[in-house]
Amino acid sequence: MGILLGVFIGGFGLTLGGVPFSLGTGGGALLTGLAFGWYQARHPHRLSIPPDALALMKDLGLATFIACVGLASGPQAVALVRKFGIALPLVGVAVAIVPACVSLFIGHKLLKLEAPVLLGAIAGQQCSTPALSAVQNAAGNTTPLLGYTITYAISNVVLPLMGPLIVALAGMLPAPHP
């Protein structure tokens, strides 16, 4: 019910200054997930799911997501690497690593965050559930969730909203001369 409601909410959009904004299905599902999670925290005996069933759903959901992304992106990735060469995957790696390294430095040196919370927050900023699972396994507990939850929620709301804005701004740049 929560996912369907989220997809419905994510289908709505708003256009400001010619730029379309929408939460999309993922953002809508996140929003309803937060609402249902809040309700579950207030009423723990309603809508409860056994922990083993939750673990199974988490593992199957993650595996299905990764498989779908790979199947959908694989053919396009090969074509893009042929077109742009090795620079494309290297830039992709840099786009992922540079913000994580900056966050690691700021979180450790300036904010003095403990490693499990900091690494959970970095996994959340990158919307990386597999990274969270790895950090939790290394920590041996769920402490990294403290850092993960809020950064994940912010990232999932900000990223879909900012994407169209960045594309619109990039479209306003003058075209390069050949």
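Predicted, not measured: the structure shown is a model, and the values here were computed from it. (Residues numbered from 1 in each chain as written. Predicted model: local features only at pLDDT ≥ 70, side-chain atom pairs only at ≥ 80, totals over all residues. Heavy atoms only, no water.)

**Some remarks on the environment of threonine 151**
Stage number 1. When you line up the elements, threonine 151 lands in helix H7 (residues 145-171).
Stage number 2. Sequence separation between threonine 151 and glutamine 125 is 26 residues, and the spatial gap between their C-alpha atoms is 5.0 Å.
Stage number 3. Look past the residues within four positions of threonine 151 in its chain and what remains in contact with it is Gly120, Ala121, Gly124 and Gln125.
Stage number 4. A polar contact is formed between the side chain of threonine 151 and the backbone oxygen of tyrosine 148, at a distance of 3.1 Å. (Helix = DSSP H or I, 4+ residues; strand = E, 2+ residues; numbered from the N terminus. Contact = heavy atoms within 4.5 Å. Polar contact = N/O pair within 3.5 Å; in protein donor to acceptor, adjacent residues only side chain to side chain.)

**Some details on the pairing of strand S1 (residues 13-16)**
Stage number 1. In the sheet, S1 pairs with strand S2 (residues 19-22) via four bridges, with the strands oriented antiparallel. Its bridge partner lying in S2, leucine 14 is registered against phenylalanine 21.
Stage number 2. Hairpin connection between S1 and S2: a loop of two residues separates the two successive antiparallel strands, and glycine 17 in this loop has a positive phi of roughly 60°. (Pairing = 2+ DSSP bridges.)

**A closer look at the packing of helix H4 (residues 87-110) against helix H5 (residues 115-125)**
Stage number 1. As a packed pair, H4 and H5 sit with axes 10 Å apart at the nearest point and diverge in direction by 150°. Judged by the inter-axis angle, H4 sits roughly antiparallel to H5. Between H4 and H5 lies a crossing of right-handed hand. On the side of H4, the interface is formed by Pro99, Ala100, Ser103, Leu104, Gly107 and His108, while H5 contributes Leu118, Leu119, Ile122 and Gln125.
Stage number 2. Its residues placed into classes, the contact of H4 with H5 shows six nonpolar, four polar and no charged. (Axes fitted to C-alpha atoms, helices over the stretch in contact; angles between N-to-C directions. Parallel < 35°, antiparallel > 145°, perpendicular 65-115°, else oblique. Left-handed = near helix turned anticlockwise from the far one by under 90°. Nonpolar A, V, L, I, M, F, W, Y, C, P; charged D, E, K, R; others polar.)

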